[in-house]
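Residues per chain are reported as follows:
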Amino acid sequence: MFSGLSNIANQVDFAFVFVFALDAIVLVGITVFMIWCCIRFSRKRNPVATNIHGNVGLEIIWTVIPTFLVMLMFFVGMDYNKMSQAPKDAMRVKVQGWKWSWAFTYDNGKENDYMKSHEGKDVPVLTLPVGKAVILDMTSSDVLHSFYIPAFRVKHDVLPGGRISNLWFVPNKVGVYEVFCAEYCGEAHSKMYAKVQILPQDEFDKWYGQAPVKLDPTMLASAGEKIYSAQCAVCHSIDGSRKIGPSFKGIWGRTAKLQGGITKKTDAEYISNSIKMPNSEIVEGYPAAMPVLPLNDAKIEQVIAYMKTIK
Amino acid sequence: MSYAVNKPYYEDQAVVLADLYATMAEMGKTNPFFKFLAWLHSWVLSTDHKRIGILYLIAMFSFFAIGVSLGLTIRLELFWPGQDFISATTYNSVFTLHGVIMIFLFVIPGIPAIFGNFFLPIHIGAADVQFPRLNLLSWYMFMGGALIAALSLFVGYDASSGVHWVAPDGGWTFYAPYSTTANSNVSLAVFAAFILGFSSIFTGLNFVSTIHRMRHPKQKWMDMPLFVWGLYGTAWIQVLATPVIGITLALLIMERAFGIGIFDAALGGDPVLYQHMFWIYSHPAVYVMVIPGMGVVSEIIATFSQRTIFGYTSMVLSMIGIAFVGYFVWAHHMFTSGMSEASVAIFSFITFFVAVPTAVKVFNWLATLYKGSIQLDPPMIWGLSFVFLFSIGGFTGLALGMVSTDLHVHDTYYVVGHFHYTMFGGGGVAVFAALHYWYPKMFGKMYNFTAAYIGWALFFVGFNVLYGSMLVVGLQGMPRRYHDYLPEFQGLHQVGSYGSFIMITGLLIVFGNLFISLFTGKKAPQNPWGGKTLEWTECPTPPVLINFYKKPKLDHGPYDYPGEWV
Amino acid sequence: MSHGHEQEHDHVHIVSYGSHTLVYVGLLILTGLTVAAAGIDVGAFNLPIAMLIASCKAGLVLAYFMHIKYEKTYIQAFVLGTTFFMFVVFCLTFADYATR
Amino acid sequence: MSATVEAQDTQVNQEELFHFDHHHTDYEGGKFGMWLFLFTELVLFGGMFLALFVYGTGEYAADFHAAGKSLNLFKGAGNTLVLLTSSLTMVYAITALQKGSKFWALTHIAITVLLALTFMVVKYFEWTAKFEHHLFPAKIAALESIYGPSDLKKAYTTEYKESGLSIAAFNAIKVDSNGNPAPAGISAEEAKEYTHTRYTRGQVIFYGMYFTMTGLHGFHVLIGVVLLLWMFWCVLKNTVTAENFGWLENVGLYWHLVDLIWIYLFPLFYLVA
Ligand code: HEA
Ligand code: HEA
Ligand code: CUA
Ligand SMILES: [Cu+2]
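Note that the coordinates shown come from a computational prediction; the quantities given were computed from them, not determined experimentally. (Residues numbered from 1 in each chain as written. Chains lettered and ligands numbered in written order. Predicted model: local features only at pLDDT ≥ 70, side-chain atom pairs only at ≥ 80, totals over all residues. Heavy atoms only, no water.)

Novice: Is there a simple way to explain the packing of aromatic side chains in this structure?
Specialist: The description of two aromatic rings rests on the distance between their centres and on the angle between their planes. The tally for this structure, following the rule as stated, stands at 118 aromatic pairs over all chains. Pairing A:Phe74 with A:Phe75 gives two aromatic rings, centres 5.1 Å apart and planes at 65°, and the pair type is edge-to-face. You can call A:Phe74 buried: its relative accessible area is 7%. Ring geometry for B:Phe118 versus B:Phe119: centroids 4.7 Å apart, planes at 45°, classification tilted. Like B:Phe118, the residue B:Phe119 is buried in the burial classification. Positioned over the ring face of A:Tyr148 is A:Lys155, at 3.9 Å from the centre of the ring. A cation over a ring is seen here: B:Arg51 above B:Trp43, with NZ or CZ 4.4 Å from the ring centre. (Phe/Tyr/Trp six-rings, centres within 6.5 Å; stacked < 30°, edge-to-face > 60°. Buried < 20%, exposed > 50% of the residue type's maximum accessible area, 1.4 Å probe, protein only. Lys NZ or Arg CZ within 6 Å of the ring centre and 35° of its normal.)

What follows is the structure in structure tokens.
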């Protein structure tokens, strides 16, 4: 409460306190009156009831006062980040959601890093400078998701079909915060975590300006592993067990049996095709459930390098 | 044809296919099998509103028991973070069915179908509803829908992966395009909801015309008991709003079967349109769950205070007002959906106007207690719990109606807490209140008060622990429909689970007590609580076939209690 | 089991063949009108014009063929109420689409 | 449980109770019930009109316009006349019965049924003409392009058999880089070509709505035919008579509702779109 982590966090917290305080007062009033009546007018104390038909004055009072109170609530509640009020010079980040992860892409083409989650998985990080307004341009490649940063008190649904939905805010404090998916999206809805990392401006600039490290061949596989852990692990195991998709155990160089009786060798072309057009070839016995993932050729290369190591 | 007018309604009597029944009954005199057939016939083909009410009661509490078990499964799974004993896929189906069963098979039909059917005609001094056969048909549609819902659990088959038992998932809201593309058995579950919708429409239609056409000539509109008014408002919602969900779900099925493109973004459709159409029905539906409950509670509070309702007219107007305004607030479920900013503001604004008539009701109930002669029998305890729990539910709803706060707590456990307080603390508790109130009339027996009090107390404590903790964990940002959660939420989830265990104990005592009393209870007098509506003053306990021995006299209003008049 | 005496037929209003035919002719004219109007392109007004004509036709059908004109007030009121209800729902939905 | 009746009033008047119980012949009540049912029908179709308006006036207005041109105005207008006329014969039937002419009532009911069937026949030709031009809801269209037009029926049934009511097969089809429906097993290039020659996104919805709405309306016409035939039987057997015509009136109300919906469907699909 009142941590002020984003530009609106304190307003929202105030709104909560405001409405809960009013609620509490009325609720206590109601309850106390109810109990008092039950005691004072119990059949023992008051064997004969008095029939009061009503009292127009009173009834008007308890129509008008609540009307007034709820209108107050309405106005307090209208104090939120309206998209039409987003600062013009805000920084923009592209957010893509799919079953079941997120990817963040910056204007200069930079892509998100990964960070360990509480379960030790790699989750994508949205890195932002402190104190600067940011607008997220969000799309989904499959179903509805919802981008939710509880600490900042912001949330917006992410829609498929090419519609861009926006969310904006100003992060106020340096730190790392959780991101949840708040719209039911299937099996791993509850695993669709990400993080926001707020850096001081200079650190952010340094991070932002860094050219993508040229990975030497030995590091390709470990970069690929991160991608695997963040984006593929919900559906593909590496120990041979069946998840939503086929296991990656021994994936490199095996023969894939596809629907319609086709067989194909799982070489680089096949894998890259499986990722770019996941539904053009379906592995026998599996649903056509793989989403289009935002992986460029470089990343695909890394994933393939990693796949070669899964024996 | 002669009627067994002197016998309680549950003893043998004439039914729809009267000739067949008579033959069976005749043969049953010698042949026990035919005797059984005749008995069965007299129940499952009876058009008597009281028997249909009992049929609903039995069916609904069975479903409720299933829904409860599913709710409990949720609580057990959420006891620790990570997967405890059911997989994510199973969990998703479990909460979906929990929601579908509780909403479509328990709270929406609950009071109208059980108690409305049983007492509406009696309250207005009539012999039955306007369309008794349609009434029976509604019950069959209800059972059919329930059966299909149950079937949808088991018959799902995903050819591409060869997986059997793909139970439906997606939540009771079935948002597109998840629902239009899911491999699970959504179509069948949705079809079940479609059928249940029509069952509900027919019940509503029946009640509206019954109230218009069959009131006792002496009972004018403003002489009707508030329970009848509640049913009337509800019935209109059922007639005018339910078709929208019917068509929405039908379109969803068409989308899945033929790809008509209207909800599926990949084909160009707008998923937000689905949400509009879904909530155009489903918001009014939440008032279907609670307005009849308000009617019940009005009866109970007046009877146990032995004093006339404070502000009868404003009680009526507020009930109709809630039903009316309730039509136009649906998009408060969609503040984060990508709707325009203008409509976010519009719908937030209208939402608050529902709170005003509700406030009038709450304050009028309180004023009815004032200078009453209050007897805290079990029905009254449940009735007053309704006022308390529903107020909390309503108050938490206000923070959802405010935009800025809703953006934070939308789709978190806060919402889950809110709707359990309103639906269970409101709709559900009203069912329990009604059951304790009318049990003597319906079954001719009294139940054990001590057990009823103990059960209630455990329920009340467990309820607040369970759903109170949900409100808090939601405020901390815990999203709903999560199979797994961050370790920091564990404490509150465990508290909630403990609450659910307490609550179960309580409810088991409550239901156990009522069940045992069917056999061991003392005989109930005609008017155990001193009520003034027709079922107490003119109708024997238990009611006879045509409700009254002769056309009721109706020489007093529903709330003309003895006591001083001012 | 028909109990003729319970029916309240005394006030039943029998509409003559003639007036039905008249309404029918009106409906035909309106149909012709709407087809003709569609031929002229008035841009944004195409839809409102077509809907207006359709609503006139619907009004005729409701009032005469469906007998609403001769029904009791409460039935008339409910027909109006239902229409009003749908109208408001449409408006509120379009409040979203028009301002997106 | 034993019977516990308090004989409150021992003198039971059977005759009084009998009348008290028999409300089934409440003429006005029956009609009111029918109206309530019609309200639900109106709202049911209202929901679809809502969707139609949303797309037809929004971003897909142009698509709708183009697609609307593919509908056969002649058949549409013809069917409008057929339905209007059937509404007229329907009210004639009621007037005839009220005036005591069983013969003319039966004749008019029969004509109404014939007109209804005419409507359905025209509809049938309209739909098959669409199918011949390969205009289907998207999923069938996609299946067609995989299995070829000749095998379409087989394709649809086998896909269905295999996947039950699941949509897995369709998932494979729908996603391509543009989000347009495209069949599996063809390249991205082919997919693009396929969608552009066949459908825009708006047209997918137009045909989807067209088939759904006219289909549901047609279904109502068929129900109407059944009801009318039933009425024919009742009038013939004198269970519906000049004194007791409530049922006929109610069926008539239903029939006019079917007409009423078409009054809106026709301009929206054939003229304005
Ligand atoms: C019985 C069912 C029921 C009832 C009666 C209500 C009543 C209300 N509900 Fe609730 N609601 C649900 C069932 C119900 N709700 C369900 C099931 C959902 C979730 C669906 C889902 O997503 O799965 C939901 C979700 C929901 C949301 C969407 C949340 C979200 O997903 O983001 C909102 C937002 O506005 C809301 C608001 C309200 C309001 C303002 C009322 C009002 O009617 C409350 C009015 C009552 C009071 C205010 C209390 C009593 C009044 C007084 C004691 C007088 C004093 C009052 C004042 C001073 C104002 N509800
Ligand atoms: C009236 C409706 C109703 C009722 C009564 C309940 C009752 C319960 N609910 Fe439910 N709930 C919903 C409606 C309801 N719920 C809805 C609509 C959803 C949303 C679904 C969705 O997201 O789509 C939901 C979701 C929901 C969730 C959130 C799931 C998620 O988001 O991940 C949870 C979590 O704990 C929960 C818990 C419970 C529990 C523990 C109970 C109960 O089990 C409470 C305990 C009650 C008892 C223990 C009773 C014991 C009684 C008996 C055993 C009866 C015996 C009977 C006879 C003898 C006749 N519910
Ligand atoms: Cu993505 Cu939930
Ligand atoms: Cu709501």
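What follows picks up the thread again.
Novice: Teacher, can you tell me more about the coordination of the copper ion (ligand 4) here?
Specialist: Where a metal carries four tetrahedral donors, each ideal angle is 109.5 degrees; where it carries six octahedral donors, the ideal angles are 90 or 180 degrees. Residue and element names in this part refer to chain B. Around the copper ion (ligand 4), the protein contributes the donor atoms His-283 (ND1), His-332 (NE2) and His-333 (NE2), at 1.8 to 2.1 Å from the metal centre. Along the chain, the residues donating to the copper ion (ligand 4) fall in the pattern H-x48-H-H. Separating the copper ion (ligand 4) and the iron atom of ligand 1 is a distance of 4.5 Å. Note on His-332: relative accessible area 14%, which makes it buried. (Donors = N, O, S within 2.8 Å, 3.2 Å for Na, K, Ca; no water.)

Novice: For this particular structure, what's the right way to read the packing of helix α8 (residues 226-258) of chain B against helix α9 (residues 271-305) of chain B?
Specialist: Helix-helix packing is characterised by the crossing angle of the two axes and by the distance between the axes. Residues and elements named next belong to chain B. Between α8 and α9, the least distance of the axes is 8 Å, while the angle of their chain directions is 160°. By the angle class used here, α8 and α9 are roughly antiparallel. Here α8 and α9 pass one another in a crossing that is left-handed. Tallied by class, residues from the contact of α8 with α9 come to 22 nonpolar, 8 polar and 1 charged. (Axes fitted to C-alpha atoms, helices over the stretch in contact; angles between N-to-C directions. Helix = DSSP H or I, 4+ residues; strand = E, 2+ residues; numbered from the N terminus. Parallel < 35°, antiparallel > 145°, perpendicular 65-115°, else oblique. Left-handed = near helix turned anticlockwise from the far one by under 90°. Nonpolar A, V, L, I, M, F, W, Y, C, P; charged D, E, K, R; others polar.)

Novice: What exactly am I supposed to notice about the site of ligand 2 here?
Specialist: Residues and elements named next belong to chain B. Inspection of the region around ligand 2 gives 32 residues, with Arg-75, Tyr-91, His-98, His-420 and Arg-481 positioned closest. Take His-98: an N or O atom from its side chain is 2.8 Å from a nitrogen atom of ligand 2. At a separation of 3.5 Å, a nitrogen atom of ligand 2 approaches a polar side-chain atom of Tyr-467. Among the elements that make up the shell around ligand 2, the one with the highest residue count is helix α4 (residues 88-123) (7 residues). (Near = heavy atom within 4 Å. Polar contact = N/O pair within 3.5 Å; in protein donor to acceptor, adjacent residues only side chain to side chain.)

Novice: Would you take a moment to explain the coordination of the iron atom of ligand 1 for this structure?
Specialist: The sole protein-derived ligand of the iron atom of ligand 1 is B:His418 (NE2), positioned 2.2 Å away. Note that B:His418 resides in helix α14 (residues 413-443).

Novice: Is there a simple way to explain the pattern of salt bridges in this structure?
Specialist: Note on pairing: side chains with opposite charge can pair once their charged atoms come close. On inspection of all chains with the given rule, the structure shows 14 salt bridges over all chains. Two residues, B:Asp270 and A:Arg163, come together in a salt bridge whose shortest N-O distance is 3.5 Å. Of this pair, B:Asp270 sits in the loop between α8 and α9 while A:Arg163 is found in the loop between β8 (154-158) and β9 (165-169), placing the two residues in two different chains. The exposure class of B:Asp270 is buried, given its relative accessible area of 8%. Judged by its relative accessible area of 27%, A:Arg163 falls in the partly exposed class. A salt bridge links D:Glu28 to B:Arg213; its shortest N-O distance comes to 3.2 Å. With D:Glu28 in helix α2 (residues 27-57) and B:Arg213 in helix α7 (residues 186-213), this residue pair bridges two chains. On the basis of relative accessibility, which here comes to 5%, the residue D:Glu28 falls in the buried class. Here B:Arg213 falls in the partly exposed class, since its relative accessible area comes to 22%. (Salt bridge = Lys/Arg side-chain N within 4 Å of Asp/Glu carboxyl O.)

Novice: Can you help me understand a nonpolar patch on the surface in this one?
Specialist: Residues and elements named next belong to chain B. A cluster of nonpolar side chains, namely Phe-33, Phe-36, Trp-39 and Leu-40, defines an oily patch on the protein surface of about 430 Å² accessible area. Its location among the elements puts Leu-40 in helix α2 (residues 32-44). A residue is classified by how much of its surface remains accessible, and Leu-40, at 33% relative accessible area, is partly exposed. (Patch = residues over 30% accessible without salt bridge, like charges linked within 9 Å, V, L, I, M, F, W, Y side chains within 5 Å. Areas by Shrake-Rupley, 256 points an atom, 1.4 Å probe, with all protein chains shown as cover.)

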